[in-house]
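# Survey of secondary and tertiary structure
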Amino acid sequence: MLTEAAAAQAAGDDAEAWRRRDLAVLWHPCTQMREHPDTLPLLPIARGEGPWLVGRDGHRYLDAISSWWTNLFGHAEPRIAAAIARQATTLEHVILAGCSHAPAVELAERLLAIAPREPGREPLTKVFYADNGSAGVEVALKMAFHWFRNRGVEGRTKFIALDNGYHGETLGALAVGDIPLYRRVYAPLLAEALFAPSPDAYQCEPGETPADRARRAAGTLGELLQRHADEVCALILEPRVQCAGGMRMHDPLYLKLVRELCDAHGVFLIADEIAVGFGRTGTMFASEQSGVQPDLLCLSKGLTGGSMPLAAVLATQSIYDGFLDDSREKAFLHSHSYTGNPLACAAALATLDIFASDGVIARNRVTSQRMADLAAAFADHPHVADVRQAGMIVAFELTRNGDKRTPFDSAARIGLRAYRAALDRGVLLRPLGDVLYWMPPYCIDDDALQLLAATTRAAMDHAIEEAACA
């Protein structure tokens, strides 16, 4: 029998062997591969357990970012796993063009039943499936453009999006994104979009409230629409939180004002709730906090509880009817091989069952209050310029002296240093620049939250000290 030391050495050797095998064949997403294996440590994962990831070396890591914001109820959630397994013995996949199956129909019915509703507005009545968030955004953009084209309106070829927004990395989604790191290289390939000021509350002027900021941003948007309404088919935004843009948050008033402006100018409103939907911001959908219903609603990530790739775009009956014609050119000829995959739909149905049976939203309110209590202690940190929260999302903006006017130089790589320091302490954080954030699975308990808070502070301090000595 191996001694404890020998077992640990064997596990470490196994992890290192997997790192070598990985780097010999894999090209990882959103990564400068030259930074592996030294600058950016590669973490071989063997399995997941609730909010924890277990490395091949046996070390446990708290998944503080829900594996890119997808995981809701913890890894290897048995009810979701069982639903996938049951479906796999019946029908693993079938073409959805010309065929149908129960999981796709049942999921569409249930999504439409819980979708945001606005009194007096035509409800969302149709569901179109895609494979992932970016693909879902592509679907919504094409639907909005094509609907006008089918009506003989050929001048509405542009979209309005927000500064600092992000909607994915396929070319259509990237065209309505405004994060230079992702779009700059591909700019020559992208369709033209118009960008309106973000209502980001972090950018409030002295004495300005988040609601004031929302009104000011909406005012500028109104001027943009006044100039270009005849060219614009839709406006797309993430309600409440611009996630990849640094977890920047805005007052729910903004979406209400945007809805009014879109109505006034005959422009579709696309709500990208890929990251903020399914309870992340405190309500099932972030749009609910504004009392607003979009014309097109994009969902993914948490849709399957983080278990399977799937996206859904919910549309109004009027948009759907705009494609009904004898001409196939007026049909929405968009497809993915795995559209409406039965296994993914089964996972999504199990996810909705958990919401219905476990009182998830109410339980999250208790957890988010505990997160708020732990985060409050960071307000006095000398390098924290802002602590912000929307439901189960908490973010910390780090600057050189705690003032938003003095950001760290990008060469300091504070976020990367914090990431490595947190890993050493058993927590997986993946900062957005110099923004550290918490977006854990909903099953996280108080002990894990305390570990997360203590590790975040230690990682901050280590990163800043290390950068000062570099």
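Now for a description of the structure that goes with this document.

Definitions and cut-offs
- Residues numbered from 1 in each chain as written.
- Predicted model: local features only at pLDDT ≥ 70, side-chain atom pairs only at ≥ 80, totals over all residues.
- Heavy atoms only, no water.
- Helix = DSSP H or I, 4+ residues; strand = E, 2+ residues; numbered from the N terminus.
- Buried < 20%, exposed > 50% of the residue type's maximum accessible area, 1.4 Å probe, protein only.
- Polar contact = N/O pair within 3.5 Å; in protein donor to acceptor, adjacent residues only side chain to side chain.
- Expected span 1.5 Å × (residues − 1).
- Arc of directions from axis to C-beta.
- Contact = heavy atoms within 4.5 Å.
- 1 Å grid on protein atoms, 1.4 Å probe; cavity = no way out; pocket = protein on both sides within 12 Å on 5 of 7 lines; lining within 4 Å.
- Points joined across faces, edges and corners; volume = space filled by probe spheres on them.
- Nonpolar A, V, L, I, M, F, W, Y, C, P; charged D, E, K, R; others polar.
- Core = buried A, V, L, I, M, F, W, Y, C linked by side-chain atoms within 4.5 Å.
- Axes fitted to C-alpha atoms, helices over the stretch in contact; angles between N-to-C directions.
- Left-handed = near helix turned anticlockwise from the far one by under 90°.
- Phe/Tyr/Trp six-rings, centres within 6.5 Å; stacked < 30°, edge-to-face > 60°.

### A few points about the environment of Gln-293
Residue position: Gln-293 is located in the loop between strand E10 (268-272) and strand E11 (296-299). You can call Gln-293 buried: its relative accessible area is 0%. Placed 15 residues apart in sequence, Gln-293 and Phe-278 show a C-alpha to C-alpha distance of 15 Å. At 2.5 Å, the side chain of Gln-293 forms a polar contact with the backbone oxygen of Glu-122.

### Some remarks on helix H12 (residues 360-376)
Given a rise of 1.5 Å per residue, 17 residues ought to cover 24 Å, and the 24 Å separating the end C-alpha atoms of H12 matches this to within 8%. Burial in H12 covers these residues: Val-360, Ile-361, Asn-364, Thr-367, Ser-368, Met-371, Leu-374 and Ala-375. Summarising the axial view, the buried residues of H12 lie within an arc of 120°, below the 170-degree limit, and thus occupy one face. Next to the buried residues of H12 lie helix H11 (342-358), strand E13 (384-390), strand E14 (393-398), strand E16 (435-438) and helix H14 (446-469).

### Quick word on the layout of surface pockets
The volume enclosed by the second largest pocket comes to roughly 960 Å³. Forming the walls of the second largest pocket are 32 residues, and the residues nearest its centre are Leu-96, Val-127, Phe-128, Tyr-320 and Phe-332. Of all elements in the fold, only helix H4 (102-114), strand E4 (124-130), strand E12 (311-316) and helix H10 (317-321) reach the threshold of two or more residues within the lining of the second largest pocket. Considered class by class, the residues forming the lining of the second largest pocket number 21 nonpolar, eight polar and three charged.

### Quick word on the nonpolar core
One finds Leu-107, Leu-111, Phe-278, Leu-314, Phe-355 and Trp-438 to be the most contacted residues of the largest nonpolar core, which totals 67 residues. Among the elements that make up this core, the one with the highest residue count is H11 (ten residues). Residues in contact with Phe-355, not counting those within four places in the same chain, are Leu-72, Phe-73, Phe-278, Met-284, Val-360, Ile-361 and Tyr-442. Within the second largest apolar cluster, 30 residues are counted, among which are Trp-147, Ala-161, Ala-193 and Leu-296.

### Description of the packing of helix H3 (residues 78-88) against H11
Any two packed helices are characterised by the angle at which their axes cross and by the distance between the axes. Where H3 meets H11, the axes come as close as 8 Å, and the angle between the chain directions of the two elements is 145°. Note that H3 runs across H11; the crossing there is right-handed. Contact residues: Arg-79, Ile-80, Ala-83, Ile-84, Gln-87 and Ala-88 in H3; Pro-342, Leu-343, Ala-346, Ala-347, Ala-350, Thr-351, Ile-354, Ser-357 and Asp-358 in H11. Taken together, the residues that form the contact of H3 with H11 break down as ten nonpolar, three polar and two charged.

### What about the packing of aromatic side chains?
Summed over the entire model, instances satisfying the criterion amount to 14 aromatic pairs. On the basis of an interplanar angle of 70° and a centroid distance of 5.3 Å, the ring pair of Phe-73 and Phe-355 is categorised as edge-to-face. On the criterion of sequence distance, the pair formed by Phe-73 in the loop between helix H2 (66-69) and H3 and Phe-355 in helix H11 is long-range, its members being 282 residues apart. No difference in accessibility class separates Phe-73 from Phe-355, as the two residues are buried.

### Section: unusual backbone geometry
Along the chain, His-36 connects to Pro-37 via a cis peptide bond; the corresponding omega equals 5°. Within the secondary structure layout, Pro-37 lies in the loop between helix H1 (4-25) and strand E1 (45-49). Although it is not a glycine, Trp-68 sits at a positive phi angle of roughly 65°. Here Trp-68 lies in helix H2. Judged by its relative accessible area of 37%, Trp-68 falls in the partly exposed class. The phi torsion at Arg-413 lies on the positive side, around 50°, for a residue other than glycine. Positionally, Arg-413 belongs in the loop between E14 and helix H13 (414-424).

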